[in-house]
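What follows is each chain in one-letter form.
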Amino acid sequence: MTNGRKLGKVLVPLDVAESGEKILPAVEEIVRLGVQEIRLLHVANMRDTLAAPEILDHDREVLDAWRERLVACGAASVTVEVVSGIPSIEIVERSERDDYALIVLGSHGRNLLSRVLLGSTTEDVLRNANDPVLLVRLRIIEAGDEATCRLAADRLFGRILYATDFSAYAERCIPCLSWMAGAHPDEVIVAHIQDLRHLAYASEEQMEEFNRRDEGRLAALKRQFEAEGFANVSTVLRTGNAIDEVLSLAKERGATLIVLGAKGRHGVAEQIFGGVTEAVVHRSKSHVLVVR
C-alpha cells in the first residue's frame, strides 16, 4: 500500500500504560505506508525510577514487544529507547537534535489524565518541537467505574481535510500530504476559509475578486494532488470564522485527519503554534497533523 515514497525517521513517544498501546494501530498504518525508520521512545518518570530502577527494565520489555509488532507489520527498522526524565523535555530535545519527518503523539496522557483534552506532554511538544506533530486522537470510554480509551477514528488516512490559508506554513504541509497518496484515502478535501476577521471592510467587488483568486488557488492544488495520485480530491471555499468552519467541515465530511500549518498568514499576531491551529487541535474529534 505504498506509492513508492518513504517518510524519513518517525519518532513515536509512548506511555507503557494503556494509552500507549492504543495508538499502535495508527503507527502500524504509518508503517504500511512506508517509513525509513521508527523510533519508539518511553520516558519514565524520574521519581518512579529513583525509587524503583527496575521499572526501566519492565518498560523496555514492553517497548520491545511493541517493536516486534511493528516489525511484523513490515517496518524496515525499529529502534527502542527507554530513559528516565521529563517526557516533554526529552521529546523536544530529540526534535532539536535529530531530523524527524514526523512525531506521533497520543492525545491522552499517563493514566488517562487528559480528560482535559490534551495531556501536558502533548501540549508542550506541540508548542516547542521543530518537527511535524501527528496528534492521534484517543477517545475515553467509560465502563462503570473503569475508564479506557480507543482511537477516535480507526482509519488514520480514511478521509483527509487539508485546511490552507495559502501561507508558507500551509505549503509546508504538501510534502506530508503527498506521502499519504499511497494510503488511497476515500477523499482529500482541500479547504480555504476566508476569515471574516480580516474581511470586515471588504466591498462586494473585492469579495468577488477574492473568490476568483481563491477558487483558482484551490483548483491548482486539486490538480497538484491529483497528479500525486489521489483519486478523489474536492475543494471547499467558505467565508466565516476559520476555527468554526474547519471544525464544522470536518464533522460534515467525516474527516479522519485534519492537516494544518503551525501558524497562519497572521503568525505574528497568533503566537505559539497559531490561533486557528491551536483551537482546532483542542476541539477537533479527528486526528490532527500540525506541520511547521
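Located above this text is the structure these notes cover.
Thresholds applied
Residues numbered from 1 in each chain as written. Predicted model: local features only at pLDDT ≥ 70, side-chain atom pairs only at ≥ 80, totals over all residues. Heavy atoms only, no water. Helix = DSSP H or I, 4+ residues; strand = E, 2+ residues; numbered from the N terminus. Contact = heavy atoms within 4.5 Å. Areas by Shrake-Rupley, 256 points an atom, 1.4 Å probe, with all protein chains shown as cover. Core = buried A, V, L, I, M, F, W, Y, C linked by side-chain atoms within 4.5 Å. Buried < 20%, exposed > 50% of the residue type's maximum accessible area, 1.4 Å probe, protein only. 1 Å grid on protein atoms, 1.4 Å probe; cavity = no way out; pocket = protein on both sides within 12 Å on 5 of 7 lines; lining within 4 Å. Points joined across faces, edges and corners; volume = space filled by probe spheres on them. Nonpolar A, V, L, I, M, F, W, Y, C, P; charged D, E, K, R; others polar. Axes fitted to C-alpha atoms, helices over the stretch in contact; angles between N-to-C directions. Parallel < 35°, antiparallel > 145°, perpendicular 65-115°, else oblique. Left-handed = near helix turned anticlockwise from the far one by under 90°.

1. So, the overall build of the protein
Okay, so step 1: A tally of helices and strands in the protein yields eleven helices and twelve strands.
Okay, so step 2: Contacts in the protein between residues at least 24 apart in sequence constitute 78% of all its contacts with a sequence separation of at least 6.
Okay, so step 3: Carbon and sulfur atoms make up 50% of the accessible area of the protein, which totals about 13,400 Å².

2. Quick look at the nonpolar core
Okay, so step 1: One finds I38, V104, F157, Y162 and M180 to be the most contacted residues of the largest nonpolar core, which totals 52 residues.
Okay, so step 2: Per-element accounting of this core gives the leading share, six residues, to helix α2 (residues 24-33).
Okay, so step 3: Among all residues touching V104, those that are not within four sequence positions of it are V10, L11, V12, P13, I23, V27, I30, L134 and V136.
Okay, so step 4: Of all hydrophobic cores here, the second largest spans 36 residues; its members include L126, A191, I243 and V281.

3. A word on the environment of K251
Okay, so step 1: Among the secondary structure elements, K251 is positioned in helix α10 (residues 242-253).
Okay, so step 2: Taking the C-alpha atoms as reference points, K251 and S286, 35 residues apart in sequence, are found 8.5 Å from one another.

4. Quick look at empty space enclosed by the protein
Okay, so step 1: Evaluated as defined, the whole model comprises one cavity of 30 Å³ or more.
Okay, so step 2: Within this model, the largest cavity holds a volume of roughly 50 Å³.
Okay, so step 3: Forming the boundary of the largest cavity are L7, L102, L134, F157, C176, W179, M180 and L289.
Okay, so step 4: When its residues are assigned to classes, the lining of the largest cavity shows eight nonpolar, no polar and no charged.

5. Quick notes on the packing of α2 against helix α4 (residues 55-72)
Okay, so step 1: In the contact formed by α2 and α4, the axes pass within 9 Å of each other and the chain directions differ by 40°. By the angle class used here, α2 and α4 are oblique. Note that α2 runs across α4; the crossing there is right-handed. Residues L24, P25, V27, E28 and V31 of α2 form the contact with α4, whose own contacting residues are W66, R69 and L70.
Okay, so step 2: Its residues placed into classes, the contact of α2 with α4 shows six nonpolar, no polar and two charged.

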